[in-house]
Amino acid sequence: MPTPLVSCILTVHDDARINLARKAINNFIRQHYAPYQLIVVNSCSQSVLTNDSMAEDIVLKSGCTSVECYAEPGLNASQMKNLGLTMAAGDWVMCIDDDDYFHPSRLLYQMAHRVDNAPCMLKYQ
């Protein structure tokens, strides 16, 4: 049985928080679990994934595929997450926020501790 793909959706709607989002992405792309993908739903005036610290080759080396889609300004967080869901290819989908820290073993732990194919929720991060 193949390893399930995990899709992660990150919504970004505030230009002042783009650096926070980039930190969250840099933590997320260092997962020990593979395969996984990152979907960034962005309604800001600038790209989150295209700068020196978010170079595409760094993301690909990590085993993560990534895509950034643009949402029209004014959408709320739920609408942006729903847009991300339409793009998710994963067997499992999760959402992260721009201020989240993602331990490198988090996905590996959560996927390894599923019981009867039910998700494993973490009490502490």
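In the block above lies the structure referred to throughout.
Residues numbered from 1 in each chain as written. Predicted model: local features only at pLDDT ≥ 70, side-chain atom pairs only at ≥ 80, totals over all residues. Heavy atoms only, no water.

Remarks on the overall build of the protein
Point 1. The helix and strand inventory of the protein stands at four helices and four strands.
Point 2. Start at the N end of the protein and walk to the C end: the helices and strands fall as β-α-β-α-β-α-β-α.
Point 3. When the 125 residues of the protein are sorted by exposure, 41% land in the buried category.
Point 4. Pairs at least 24 apart in sequence give 76% of the contacts found in the protein among residues at least 6 apart. (Helix = DSSP H or I, 4+ residues; strand = E, 2+ residues; numbered from the N terminus. Buried < 20%, exposed > 50% of the residue type's maximum accessible area, 1.4 Å probe, protein only. Contact = heavy atoms within 4.5 Å.)

What about helix 1 (residues 18-28)?
Point 1. Taken together, the buried positions of helix 1 are Ile18, Ala21, Arg22, Ala24, Ile25, Asn26 and Phe28.
Point 2. On the buried face of helix 1, the contacting elements are strand 1 (6-12), strand 2 (36-42), strand 3 (64-70), strand 4 (92-96) and helix 4 (106-112).

Just distances and angles here, no functional claims.
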